[in-house]
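# What the coordinates show
Spelled out from the first residue to the last, the chains are:
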Amino acid sequence: VELERPTGVVVTGDAAWITQSELNRVAKVDLASNAVVGTIEVGQRPDTLASDGEALWVSNRGAGTLSRIDLATEQVTDTIQVGVAPAGIAIDGDRVWVIDNLDNTLALVDRVSREVVNSVEVGARPLGLVVLDDSVWVTLSQGRAVAVGERQQQRSQRRGGAAGGGVFVGADERREHPRRQRRRA
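The sections below set out a description of the structure shown in this document.

## Some points on the side chain of Arg-111
- Along the chain, the position of Arg-111 falls in the loop between strand 11 (105-110) and strand 12 (115-121).
- Looking at Arg-111, its side chain comes within polar contact range of the main-chain oxygen of Gly-93, at 2.9 Å.
- Apart from the residues within four sequence positions on either side, Arg-111 is in contact with Asp-52, Glu-54, Trp-57, Ile-91, Gly-93, Asp-94, Arg-95 and Val-96.

Below is the structure:
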């Protein structure tokens, strides 16, 4: 499949969804025909995306936002301000975790209310993240470290180099942040 400026991809059912960063959209590719069957406009410079089975979540690096696309309607239903340049996304039940590698933060978005419920600094240039059992792992590309947060015990620790740090963002912890507001599409 030829696409201009593809950056991220996720597969749901019989479709691949691919972000096109310079076109500010997500392309839907039918897996059987390998043809682009639709596009959805999102925020500036979409990068990574993830699916929770009901929706696609797209990080818009150029806008500092997270777009939610309903898979049934293939429409953007919400745009959530999450930082400066959101990058990686991981979904854990009703939680959407988003790293911002310019803001050096990990944000926790409630998947149901679609609001940022917490955001913490994690260290220099978080680049990747994954949720595994009771932990959130965040790679720190300039810190020579991996931040590991234990969700249930609310403890964190550093694994690796001297710079960087651990992080935990709990679902019940709430902190107001002036830049993090929800906008309905």
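## Remarks on the pairing of strand 11
- Extensive coverage of strand 11 is indicated by the burial of 5 of its 6 residues.
- Looking at chain direction, strand 10 (residues 95-100) and strand 11 are connected through 6 bridges and run antiparallel. Residue pairing for strand 11: Val-96 is matched across the bridge by Val-109.
- Connecting the antiparallel pair strand 10 and strand 11 is a turn made up of 4 residues, with Asn-104 showing a positive phi of about 60 degrees.
- Pairing of strand 11 with strand 12 involves 6 bridges; the strand directions are antiparallel. When the bridges of strand 12 are listed, Ala-107 appears paired with Ser-119.
- Counted along the chain from strand 11 to the antiparallel partner strand 12, the turn is 4 residues long, and its residue Arg-114 has a positive phi close to 60 degrees.

## Some thoughts on the sheet that holds strand 4 (residues 35-41)
- Here 4 strands make up an open sheet; going across it, the order is 1-2-3-4 and the pairing antiparallel. The open sheet terminates on both sides in strands that have one partner only, identified here as strand 1 (6-12) and strand 4. For this sheet, the mean angle separating the axes of adjacent strands, direction not counted, is 25 degrees.
- Bridge count between strand 1 and strand 2 (residues 15-20): 5 bridges; the pairing is antiparallel.

Parameters and conventions
- Residues numbered from 1 in each chain as written.
- Predicted model: local features only at pLDDT ≥ 70, side-chain atom pairs only at ≥ 80, totals over all residues.
- Heavy atoms only, no water.
- Helix = DSSP H or I, 4+ residues; strand = E, 2+ residues; numbered from the N terminus.
- Polar contact = N/O pair within 3.5 Å; in protein donor to acceptor, adjacent residues only side chain to side chain.
- Contact = heavy atoms within 4.5 Å.
- Buried < 20%, exposed > 50% of the residue type's maximum accessible area, 1.4 Å probe, protein only.
- Pairing = 2+ DSSP bridges.
- Axes fitted to C-alpha atoms, helices over the stretch in contact; angles between N-to-C directions.

Function cannot be read off these values alone, since they describe shape.
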